Amino acid sequence: MGPTIDLVADLGEGFGAWSMGDDKALLDIVTSANIACGFHAGDPDIMDATVAECVRRGVSIGAHPSFPDLRGFGRRAMELAADEVRNDVLYQLGALNGFAAYHGTEVSHIAPHGRLGNLVATRADYAAAVADAAAAVRPDLILVAQDGELSTAGSERGLPIGIVGIIDRAYKPDGTLVPRSQPGAVIHDAKTIVDRTIRMVCEGLIRAVDGTDIPIAADTVLLHGDNPGAVDLARLIRTELTSAGVRIAPLREVLENKHTVA
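Computed from a predicted model, the values in this text were never measured in an experiment.

Let us now look at the environment of Ala-131. Note that Ala-131 resides in helix 5 (residues 124-137). On the basis of relative accessibility, which here comes to 0%, the residue Ala-131 falls in the buried class. Sequence-wise, Ala-131 and Thr-152 are 21 residues apart; in three dimensions their C-alpha atoms are separated by 9.3 Å.

Written out as structure tokens, the structure reads:
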């Protein structure tokens, strides 16, 4: 049997009359969605519509909390105390839980966004804050993380961990992402991205910026949808994965299968 992988995209990242990406097209491709909860993007109407569309398509929903940085799209560093991070995550998770309940579903996972998502991989205090919030709200909430402090903190609290592979971002040799402020941090060539995805899923390896191969046991692959050609690329990635014998399934099913095999 070949590998099984979840495909996830960041959705609901508009605000008011402003929209980003083609969410409806991406929902035909992905099996999970990270939904913006209002702090870097999203508003009550967008959250409601995005959750409803996920339910209609059978796509698992996840909270995508960030720093309170609407103007900077959650990509700027903010010197918050760990308790503030915890409370901000609780606030955003609570908002999405409300819409999920209204539409007869539940939040399946949580995946920190942007600068917060980068920092929880290396800052133990922020990682503990996010993990504490997630574990208190729901003990079986899947924590989507890179290898690092957040995955460690989640495991210590008994949370299921879904390791995310970010295929269009450059990795440093230590497994963290190259900051967006540095040249080459974002990969744009479609063939390179597809090749990286197949290798990550099928071989468990990804090439770092120094030319070395680093191991990555990805459970979900993040497909970005906020750039030109993103939907076509996402569709191509799914097609190429399927052709390589990879089964596409929601994240919880991927983790359950992994546990059964182990």
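The next subject is the nonpolar core. Of all hydrophobic cores here, the largest spans 76 residues; its most connected members are Ile-5, Val-85, Leu-143 and Leu-223. Ranked by residue count, the leading element in this core is helix 5, at seven residues. Leu-223 has contacts with Leu-7, Val-8, Ala-9, Asp-10, Ile-29, Val-30, Ile-167, Ala-234 and Ile-237, leaving out every residue within four places of it along the chain.

On to the side chain of Asp-6. Mapped onto the elements of the fold, Asp-6 is located in strand 1 (residues 4-11). Nearest to the buried, unbridged Asp-6 among oppositely charged side chains is Arg-238, at 8.2 Å. Apart from residues lying up to four places away in sequence, Asp-6 is in contact with Thr-31, Ser-32, Asp-219, Thr-220, Val-221, Ala-249, Pro-250, Leu-251 and Val-254.

Taken together, Phe-15, Trp-18 and Leu-70 make up a surface patch of nonpolar side chains, about 300 Å² in accessible area. Tracing the backbone shows Phe-15 in the loop between strand 1 and helix 1 (23-26).

Bringing the environment of Asp-22 into the picture now. Mapped onto the elements, Asp-22 comes out in the loop between strand 1 and helix 1. Taking the relative accessible area as the measure of exposure, Asp-22 reaches 40% and is therefore partly exposed. Linking Asp-22 and Gly-225, residues 203 residues apart in sequence, is a C-alpha distance of 7.0 Å. Contact partners of Asp-22, with chain neighbours within four places excluded, come to Gly-225 and Val-231.

Definitions and cut-offs
Residues numbered from 1 in each chain as written. Predicted model: local features only at pLDDT ≥ 70, side-chain atom pairs only at ≥ 80, totals over all residues. Heavy atoms only, no water. Helix = DSSP H or I, 4+ residues; strand = E, 2+ residues; numbered from the N terminus. Buried < 20%, exposed > 50% of the residue type's maximum accessible area, 1.4 Å probe, protein only. Core = buried A, V, L, I, M, F, W, Y, C linked by side-chain atoms within 4.5 Å. Contact = heavy atoms within 4.5 Å. Lys, Arg positive; Asp, Glu negative; His and termini not counted. Salt bridge = Lys/Arg side-chain N within 4 Å of Asp/Glu carboxyl O. Patch = residues over 30% accessible without salt bridge, like charges linked within 9 Å, V, L, I, M, F, W, Y side chains within 5 Å. Areas by Shrake-Rupley, 256 points an atom, 1.4 Å probe, with all protein chains shown as cover.

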